[in-house]
Amino acid sequence: MNRKILFLVVVVLTSMTLISGCGFKDIDKRGFVVAVGVDGTKNKKKPYRLTLKLAVPTGTFKQSPKPTYAYLSIESATLAEGIRILKTHTDKELDFAHAKVIVLGESILERDMKETFDIFLRRRDFQGIAWIAVGEPSAEGILKTNPTTDLPGSNALFNIFSNEGTESAYIVTTYLYDFSRRLFEAGLDPILPIIRTTEKTNEYRTNQAIVFKDDKKQLKLNTEDTKFYNILSENETKADIEVSKKELLFAIAANNIKVNYKILTPANKQPVLKMNIDIQGIVEESTERVTPEKLKDYSRDASEVAQKRFTHFLKLLQENEVDPLGFGLRYKATRLHNRDTEAEWQRIYPQLKFDVNAKVKVKSPGVIE
Amino acid sequence: MNRYFYYLLAVNMVAHIITSVPMVLFEARKGGAIVSMILSLILGTIMIYWITKIFTCFPGKGYPELLKEYTSKWISFPLLLSTALVWFTAGLITVITYSALLRRFLTPEMPLMGIISMIVLFVSFGILMNSRSVLYTVEIVALLSIPFTIFIFIKMYLDKGMNWDFVREAMMYIGNMPDYPSFSASLYVILGPANLIIFNRVFTDKQKMTWKQLLIIGITGAFALFTSYFIPIGFQGFQHINHLVHPWFLTADSIRMKFGFIERVLFIFALVNLAVSFLSILVHWHVTTELLKNIIWFKKFQWKGYNLTPLVFVVLFWIGSLVIIPYLTEPQLHTYTEYALNFLSPYVLVILFSLLWIKKRARA
Amino acid sequence: MQRSTKATETIRWITKQLKPNTDFVEKNMKIERKEATLLFIKTVVDGDQLQKLVIKPFFEMDSETHYEAYLQSLPSQQEITTKEKLIIELTKGSVIIVIRGQLIMLDVKKVNTNNVLEAAIETTTQGPQYAFSEDIQTNINLVRQRYHEPTLTVEIFEVGAKSHQALALMYDRETVSQEVLNKVRKNLKELKEPIIQSTVELKRVMSKKKYTLFPKMMVTERTDRVVYNLSGGKVVILLDGDPFAIIAPCVFFDFLSAMDDNYYPYFVVKFLKGIRYLGMFFSLVLPGLYVAISSYNPEIFRVQLALSVAGSRVGIPYPSFIEVLFMLLIMELLIEASVRLPKVISGTATTVGGLILGTAATEAALVSNIMIIIVSAVAISNFAIPINEMNTAVRVMKFVLLFIATISGIAGLTLGLIGLVMYLTHLNSFGEPYLKVFIQKKANENEGI
């Protein structure tokens, strides 16, 4: 009996070591890629420059108060080939399951995005909730920047997008799945945030965005326009509005923004996009004393300003024939499908008139009058 | 009806989303997917109502017993055999799809054979249990996993990434004529109670089937179908969704939990679905074994007082899955499941008609 | 005089059987015209009682007839069936009185084990503090004192081909399930064991199957639990010489209920129960989960967590499952050692084992910090299971799940858990399904299925 049990234990242990050969790989033998950067090169044979940022696991926090990263870079014909070769550059098994940020260098934006991006959609281990961004001047430069506020166990790049760290109306967040659907669907154009860094500063600046249309057309949104995009897409319900009127200069912190719009196509008339924007906020800064009676004036002034700026932003999009807010999609979504729906929209968008009705309501002067 | 009836219903409603059912619907998204869904919902509910109603007239009796009692052997034998085959295929579809999914998302390095044997090993134990224990298992696992599923569904509905404009765009195709594959596929979603053909054996008390219960079936069925069709569209877009091989898994990978040990909902979804799919396989193959027991029974095939005939069936299941699955490529797998789905759901009509006939004879 | 010759014959036989014992006493009492013989074993009878009940009245009574009538009226008189039975009773502490050619047997047992003990294993903070004694009479008395229902029935059996212990089967006639009762009776009658020393052993031999893991009958020392279960229609078995009772049939959920659950407010109880189930789940799953996640699917964790797990494993020379197995075995040894050690030393053992070994092992980079946390979480949460036998079953079961997780990762672990559920629903305890959810009211629950 005892011998039987002994035999069983031996069998179990050996089978454990034998069977665990397949797929069993300890966590410390894996190299976790936390960010992937793709740049373009001038070399025709090897058009891609792939950069991987690996987190090097360190013991306790006490032993290493700064996170340590390793970088791998290579130029290759395809990204898949690059990954294969990079595997020989390291002792660890590359694990892309934690690659939460994919940065595209400026130099690659002119190429066919669908082609460049294919591997990230096709491979199983890139997560659908990875963040995509454009890096200026290059993806490699972004990856190799380590801000001083970076702590072990938290990556500064993640904190920018995750809403766990900083939250700002100037940061556009685009997930991988969102990017892919915008890339392939008509009537909703891809938009990516731009991360900038300089040699000297050693920090990230993420307050611009770029909109794509087809392969060639692009529109860079400046800081202010990026904010308008965030407000109108309802990604951000907190923003600020600066108003200057003669001597008076005040800023409103909006904390509740609601946007809805309709596309009206009355027969024989110019098509109209009717947009209602409801903003509630409080005064954050002002050059004069804000008495309760003045709140109404403030609301009116702010409304006027907002209306003007939003209309201007929408016209900017229209002139450049880009559609990151999904007007085309809304058009298709509100009309019973027929064969010409797509073509109709192509015709309508350039001559669309924007009827923006922004209503700002200032609720309080803040803590002081 | 007994609460176990609803578990059978729920298992199919959740388990179908990993099979090819949503993909069949997405193929027909620019055609008559929506109308087919509505039609199948109505017809399916009526069919289920009818079947259940007939079974309530014969408490404690399964389909094989009824066939034996009221028909001749020449009719019951082919009917039982074909039913067993249909149910086996239904189970096999889930085994195939889930093992492919496991290989893609959870255990990419493990050989396919290993994955299949792992699933089938546990299922083999389950299908040999008595029907009562199967129902208890179904209840416990369902009670543990379905709340998670509903949590994930709700999280998806409320997520910012869910773009309702895509859903509306899909809705704009409501005017098209229904087509057969999507009708048959969406019928599969609410056909869970068809498992009563065996499990009615343990419902020994007189059950009631009222319009209230019919309403529950209809509403949950509508919710399940609506969810499985529109959520992926809301996340992945409308025009190109048929390019995705695992639309539901990619959709689950599109939402994130900001706080918690696990950030990617995909893994919770995969594990919960593993549990529910397992139940689906368990239920279908248990029914198959019980049906086969009524056709083939070796009286002399005994060892220490146990009859070993069910083991023969289990061996057949093993051979079936281990031979068929590695042989297929993924696109083939999808095509064949589509054929199977085209055939499976209407087969319930055959059962329904035979039951109606039995009822008529019973009354006479 | 037929009667008397038979009696003398019996006595001669008994004397012959017991003569080699030096503590066997055969005493003749004679005064005037009265005469009687006493047979007993000195070491097991209560001398005071014997003197008071038997010897003294003999000299005070007027005649043999009076004395006989007196003896017949005593409550401790026992029925005489066979010769063999007589001897067994003598060894248990009875006295045989031969008077007028007739045998009368009286129970004058000396019991040294009838003091009621304090509950030591299943303690409650607020609730009855005393448990059973080691004497069956006292124990039956304890139960009867708490359950004044005329339908309470006590059947006395005898078990052990050599030890001839008394065994009491108690149940409430009204609520008990006849099917279960018959099964238990049949089971008890079929026992062939020569000696049954303890209730736990009785439980083991009753279950018959050789390879078992999960308990199907509950062994308890709490009188309130026994009474609670009696009223719920269960069968209770008491064995002489053991301060534990067996409750049958018992299903899975019974083993996770503590008696406190009946005493505390509703939400407190729900919370405590939740904690207990969570504890069981953790102690089953955590070791396997650690291996599965750290070696198969590190992508499941959020990135920060994955990196800190990876960081804590830096420098550990062997794969995760050996690490887990090693630490778990140390922990099991520690538990086993502290059970066996005298209470005075066991505190030291845990300190040495737990604190010093744990710290030293991490310092030496033999195991990771996170591993130590997991192992101690497993140990602690395991003790949240109130019934000792379920506790040990879970301790063994976690190794099975660890094994499955080692060969097939997180998917295997999930399937393993489902397999466990299937196994449990497959079991039954005297015909009752072992694992089944009770949602509806009891009457509806039994409807149909």
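Residues numbered from 1 in each chain as written. Chains lettered and ligands numbered in written order. Predicted model: local features only at pLDDT ≥ 70, side-chain atom pairs only at ≥ 80, totals over all residues. Heavy atoms only, no water.

The name an unreviewed UniProt entry assigns to chain C is Spore gernimation protein GerA, from the organism Pseudobacillus wudalianchiensis. For the record of chain C, the UniProt heading Sequence similarities (unreviewed entry) holds the text "Belongs to the GerABKA family." (UniProt positions renumbered as here; feature names shortened; annotations may be inferred.)

Turning to chain A, the UniProt record has this under Subcellular location (unreviewed entry): "Membrane". According to its UniProt record, chain A has this under Sequence similarities (unreviewed entry): "Belongs to the GerABKC lipoprotein family."

J.: It is not clear to me how the nonpolar core should be interpreted in this structure. Could you clarify?
T.: Nonpolar side chains in soluble globular proteins generally cluster together in the buried interior. Core analysis: the largest hydrophobic core is formed by 248 residues, its most contacted members being Tyr229(B) and Trp285(B). The element that contributes the greatest number of residues to this core is helix α13 (residues 265-295) of chain B, accounting for 21 residues. Beyond its immediate chain neighbours, meaning those up to four positions away, Tyr229(B) contacts Leu25(B), Phe26(B), Arg29(B), Ala33(B), Ile34(B), Met37(B) and Phe238(B). Phe250(A), Ile279(A), Ile348(A) and Val362(A) belong to the second largest nonpolar core, which has 50 residues in total. (Core = buried A, V, L, I, M, F, W, Y, C linked by side-chain atoms within 4.5 Å. Buried < 20%, exposed > 50% of the residue type's maximum accessible area, 1.4 Å probe, protein only. Helix = DSSP H or I, 4+ residues; strand = E, 2+ residues; numbered from the N terminus. Contact = heavy atoms within 4.5 Å.)

J.: What is the right way to look at the pairing of strand β9 (residues 235-239) of chain C in this model?
T.: Remark: a regular strand shows side chains that alternate across the two faces of the sheet. Residues and elements named next belong to chain C. A large share of β9 lies buried, amounting to 5 of its 5 residues. With burial as the criterion, each face of β9 is covered, one bearing Val-235, Ile-237 and Leu-239 and the other bearing Val-236 and Leu-238. Two strands pair when backbone bridges link them, and strand β7 (residues 165-172) and β9 are joined in this way by 4 bridges, in the antiparallel orientation. Paired with Leu-167 across the bridge in β9 is Leu-239. Here 4 bridges tie β9 to strand β10 (residues 245-248), and the two strands are oriented antiparallel to one another. What sits directly across from Val-236, in β10, is Ile-247. Counting the residues between successive antiparallel strands, the hairpin from β9 to β10 contains 5 residues, one of them, Gly-241, with a positive phi of roughly 90°. (Pairing = 2+ DSSP bridges.)

J.: I'm lost on the domain arrangement of chain C in this one. Help?
T.: Reports often express the size of an interface as the amount of accessible area lost when the parts come together. As assigned here, chain C comprises domain 1 (2-107), domain 2 (136-250) and domain 3 (261-433). Using only C-alpha atoms to locate each centre, domain 1 of chain C and domain 3 of chain C end up separated by 62 Å. (Domains from an automatic or database assignment.)

J.: Help me understand the UniProt feature "transmembrane region" (unreviewed entry) in chain C, please; the structure alone is not making it clear to me.
T.: All names here are of chain C. Residues given the UniProt feature "transmembrane region" (unreviewed entry) here are residues 277-296, 316-335, 367-387 and 399-424. Taken as a whole, residues 367-387 contains 67% helix and 0% strand, while its terminal C-alpha atoms sit 31 Å from one another. Secondary structure content for residues 399-424 is 100% helix and 0% strand, and the end C-alpha separation is 17 Å.

J.: I would appreciate a short explanation of the sheet that holds strand β13 (residues 353-364) of chain A in the present structure.
T.: Residues and elements named next belong to chain A. The strand order β10-β11-β12-β13 describes an open sheet built from 4 strands, whose pairing is mixed. Taken across any chain shown, the strands that pair with only one partner, and hence form the sheet edges, are β10 (239-245) and β13. Direction aside, the axes of adjacent strands within the sheet are offset by 35° on average. When strand β11 (residues 248-264) meets strand β12 (residues 272-286), the two strands line up antiparallel, connected through 14 bridges. Following the sheet pairing, Ala-253 is matched in β12 by Ile-282. On top of the sheet, helix α8 (residues 294-319) reaches β10, β11, β12 and β13; it is set at about 150° to β13, its chief contact. (Axes fitted to C-alpha atoms, helices over the stretch in contact; angles between N-to-C directions.)

J.: What am I meant to see in the domain arrangement of chain A here?
T.: Residues and elements named next belong to chain A. When cut into domains, chain A gives domain 1 (27-221) and domain 2 (223-369). Facing the 19 residues of domain 1 at the interface are 26 residues of domain 2. Summing both partners gives a buried area of about 1,900 Å² for domain 1 against domain 2, and 56% of it is carried by carbon and sulfur. Area buried by domain 1 at its contact with domain 2 is led by Ala-169, Tyr-170 and Leu-221, which between them contribute 30% of it. At the junction of domain 1 and domain 2, the tally comes to 0 salt bridges. Joining domain 1 to domain 2, the criterion identifies 8 residue pairs in polar contact (both at pLDDT 80 or more). (Buried area = accessible area lost by both parts, 1.4 Å probe. Salt bridge = Lys/Arg side-chain N within 4 Å of Asp/Glu carboxyl O. Polar contact = N/O pair within 3.5 Å; in protein donor to acceptor, adjacent residues only side chain to side chain.)

J.: Would you take a moment to explain the interface of chain C and chain B for this structure?
T.: Tallying the contact residues gives 32 residues for chain C and 42 residues for chain B. Counting across the chain C and chain B interface gives 1 salt bridge. Between Arg302(C) and Glu263(B) there is a salt bridge whose closest N-O contact spans 4.0 Å. Applying the counting rule to chain C against chain B returns 6 residue pairs in polar contact (both at pLDDT 80 or more).

J.: Just to check I follow, could you spell out the pairing of strand β1 (residues 30-40) of chain A for this structure?
T.: Residues and elements named next belong to chain A. Judged by how many residues are buried, β1 sits mostly within the fold: 11 of 11 residues are covered. One ladder, built from 3 bridges, connects β1 with strand β4 (residues 93-95); its direction is parallel. Each bridged residue has a counterpart across the sheet, and for Phe-32 the counterpart in β4 is Asp-95. One ladder, built from 8 bridges, connects β1 with strand β2 (residues 48-56); its direction is antiparallel. Opposite Val-33, over in β2, you have Leu-54 as the bridge partner. Bridging between β1 and strand β5 (residues 101-105) involves 4 bridges; their strand directions are parallel. Across the sheet, residue Gly-37 finds its bridge partner in β5, namely Val-103.

J.: What is the right way to look at the packing of aromatic side chains in this model?
T.: We describe a pair of aromatic rings using the distance from one ring centre to the other and the angle between the two ring planes. Applying the stated criterion to the full structure yields 45 aromatic pairs over all chains. Seen in terms of ring centroids, Phe117(A) and Phe120(A) are 5.2 Å apart; in terms of plane orientation they differ by 55°. Their pairing is tilted. Of the two residues, Phe117(A) and Phe120(A) both sit in helix α3 (residues 113-122), 3 residues apart, roughly one turn of that helix. No difference in accessibility class separates Phe117(A) from Phe120(A), as the two residues are buried. Relative to Tyr347(B), the ring of Phe343(B) has its centre 6.2 Å away and its plane inclined at 45°; by these criteria the two rings are tilted. With Phe343(B) and Tyr347(B) both in helix α15 (residues 330-363) and 4 residues apart, the pair spans about one turn of that helix. Its relative accessible area of 53% is what places Phe343(B) among the exposed residues. (Phe/Tyr/Trp six-rings, centres within 6.5 Å; stacked < 30°, edge-to-face > 60°.)

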